[in-house]
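Okay, here's what each chain looks like letter by letter:
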Amino acid sequence: MKRPTKLAHKKLVNNITHCYLDADPVQIQGGMAWYAAAYDAAYDIGNKYGVAVYLVVAVISALSPNNKWSRNISNADALIGAFLKGDGIDSVKVSTYHTMKKKAWGILAERPAYDRAKAMLKGQKITSFFCDIMGEFNVTIDGHARNIAYNERIGLTDDKTNIGVREYKALQEAYKEAANDAGIMPYQLQAITWRVWRDRYGITWQIANAKIWQIDHAKFFNGASMLLAGILGGS
């Protein structure tokens, strides 16, 4: 059977790891903080309305396609508020597709358990985004994550960045292995490498507007040296 990616698994892992090893302390801090900040934002909304945080995360994830992060959060807040007040779905405007708005509304209407909420999302990327924010051992593959793994810069409107199911899972496995080697979560690795890639090519970006976690830089650079030695030794 033809492999799902154009590069071998080990090469993908090496490309991701090399990008990670290029990270400076600021890029590391930002990457380590992003999903924790996203969770904090969801927690605050849940605390405001008395809604379980995983349900808030499910709503945020449903409303995320083609939505800027700051609007994504404000849309989720407004939709949950409207639902709980008994207002209709059309009383709130969101910056994403109407089908995604209906999906978020349906989750609020059903108030499902954790696994059911995740299943109701259905979409590959939005389900993965939910898992990342909730802290599962997972990573979301977007066009940038794909480019990092292949070590090539392809515009996000190019058909090459349309990732099929088999390729998506294969890229996830590459990130998971690289993250396991680095001793961090896959979504943290993705966020760090995205910052390296963004800064390298001057790509615009979004901030999660929350606290920055501090890390032990000496421990990171010692681990990075060991990772690099392993890569060079195996090349």
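Please read these numbers as outputs of a predicted model, since none were measured by experiment.

Criteria and thresholds
Throughout, residues of each chain are indexed from 1 in the direction in which the sequence is written. pLDDT decides what is reported in this predicted model: residues at 70 or higher carry local features, side-chain atom pairs at 80 or more are listed and counted, and totals for whole chains, interfaces and linings draw on all residues regardless. In computing side-chain properties, one takes all heavy atoms of the structure into account and sets aside hydrogens as well as water. Where helices and strands are cited, they refer to DSSP runs of H or I of at least four residues and of E of at least two residues respectively, numbered from the N terminus. Exposure categories follow from relative accessible area, calculated using a 1.4 Å probe and restricted to protein chains: below 20% of the type maximum is buried, above 50% is exposed, and the middle band is partly exposed. In this analysis, two residues are considered to be in contact whenever any of their non-hydrogen atoms come within 4.5 Å of each other. What counts as a salt bridge is simple: a side-chain nitrogen of Lys or Arg found within 4 Å of a carboxyl oxygen of Asp or Glu. The pLDDT score gives, residue by residue, the confidence of the prediction method on a 0 to 100 scale. Here an axis means a line fitted to C-alpha atoms, over the contact stretch when the element is a helix, while the angle between two N-to-C directions is reported on a 0 to 180 degree scale. Throughout, the term roughly parallel applies to angles under 35 degrees, roughly antiparallel to angles over 145, roughly perpendicular to angles from 65 to 115, and oblique to all others. Crossing handedness follows the turn of the near helix against the far one: under a right angle anticlockwise gives a left-handed crossing, and clockwise gives a right-handed one. Note: the arc covers the axis-to-C-beta directions of the helix. Any pair of Phe, Tyr and Trp rings, taking the six-membered ring for Trp, is counted once the centres come within 6.5 Å. Such a pair is stacked with planes under 30 degrees apart, edge-to-face with planes over 60 apart, and tilted for the rest. Among the buried residues, those of types Ala, Val, Leu, Ile, Met, Phe, Trp, Tyr and Cys that are joined through side-chain atoms within 4.5 Å form a nonpolar core. Side-chain classes follow a simple rule in which Ala, Val, Leu, Ile, Met, Phe, Trp, Tyr, Cys and Pro form the nonpolar group, Asp, Glu, Lys and Arg form the charged group, and the remainder, Gly included, forms the polar group.

## Thoughts on the environment of A76
One can find A76 in helix α4 (residues 69-85). The buried category is assigned to A76, whose relative accessible area is 0%. Separated by 14 residues in sequence, A76 and A62 place their C-alpha atoms 9.1 Å apart.

## Some points on helix α8 (residues 143-150)
Counting buried positions over the eight residues of α8 gives eight, a clear majority of the element. Every buried residue belonging to α8 is among G143, H144, A145, R146, N147, I148, A149 and Y150, and all of these are buried. For α8, the elements touching its buried residues are α1 (9-21), α9 (165-182) and α10 (186-201). With its phi angle positive at about 55°, N151 sits one or two positions after the end of α8.

## Details of the pattern of salt bridges
This model, assessed by the stated rule, comprises nine salt bridges. Salt-bridge contacts for R146 lead to E152; the nearest nitrogen and oxygen are separated by 2.7 Å. In this structure R146 comes out as buried when scored by relative accessible area, which is 3%. One network of salt bridges, with partners in common, ties together K6, R146 and E152.

## Quick look at the confidence of the model for the protein chain
For the protein chain, per-residue confidence averages 89 on the pLDDT scale, and residues scoring 70 or more make up 86% of the total. Note that residues 207-235 has pLDDT below 50 and, in this model, 38 contacts with residues that lie over four places away or in other chains.

## Re the packing of helix α3 (residues 53-62) against α4
Direction vectors running N to C along α3 and α4 enclose 125°, while the axes themselves pass 9 Å from each other. With respect to α4, the element α3 is oriented oblique. Note on packing geometry: the crossing formed by α3 with α4 is right-handed. Contacts between α3 and α4 involve V56, V59 and I60 on the former and, on the latter, W69, N72, I73, A76, L79 and I80.

## Considerations on helix α6 (residues 114-121)
For α6, the full list of buried residues reads A117, M120 and L121. Take α6 and look down its axis: the buried residues cluster within an arc of 110°, on one side only. On its buried face, α6 is in contact with α3, α5 (98-110) and α7 (124-133). One or two residues past the end of α6 sits K122, with phi positive at roughly 65°.

## Some words on the packing of aromatic side chains
The description of an aromatic ring pair uses the distance of the two centres, along with the angle that the planes make with each other. A full pass over the atoms with the stated rule returns 10 aromatic pairs. The interplanar angle of 55° and the centroid separation of 4.7 Å between the aromatic rings of W34 and W69 together place this pair among those described as tilted. Note that W34 is positioned in helix α2 (residues 25-49) and W69 in helix α4, a separation of 35 residues in sequence. A single burial state applies to W34 and to W69, both of which are buried. Judged by centre distance (6.2 Å) and plane angle (80°), the rings of W69 and F129 are edge-to-face.

## Focus: the nonpolar core
Nonpolar side chains in soluble globular proteins tend to end up buried together. Membership of the largest hydrophobic core comes to 41 residues, with the highest contact counts inside it found for V59, I60 and L79. Of all elements in the fold, only α2, α3, α4, α5, α6, α7 and α10 reach the threshold of two or more residues within this core. Here this core gets nine residues from one element, more than from any other, and that element is α3. Counting 30 residues, the second-largest nonpolar core is a separate cluster that includes L12, L21, I141 and A145.

## Side note on the packing of α3 against α7
Running from N to C, α3 and α7 cross one another at 140°; their axes reach a closest spacing of 9 Å. Considering only the axes of α3 and α7, their crossing is right-handed. Between α3 and α7, the contacting residues are Y54, V57, A58, I60, S61 and A62 on the first element and I126, F129, F130 and I133 on the second. Of the residues assigned to the contact of α3 with α7, the class counts are nine nonpolar, one polar and no charged.

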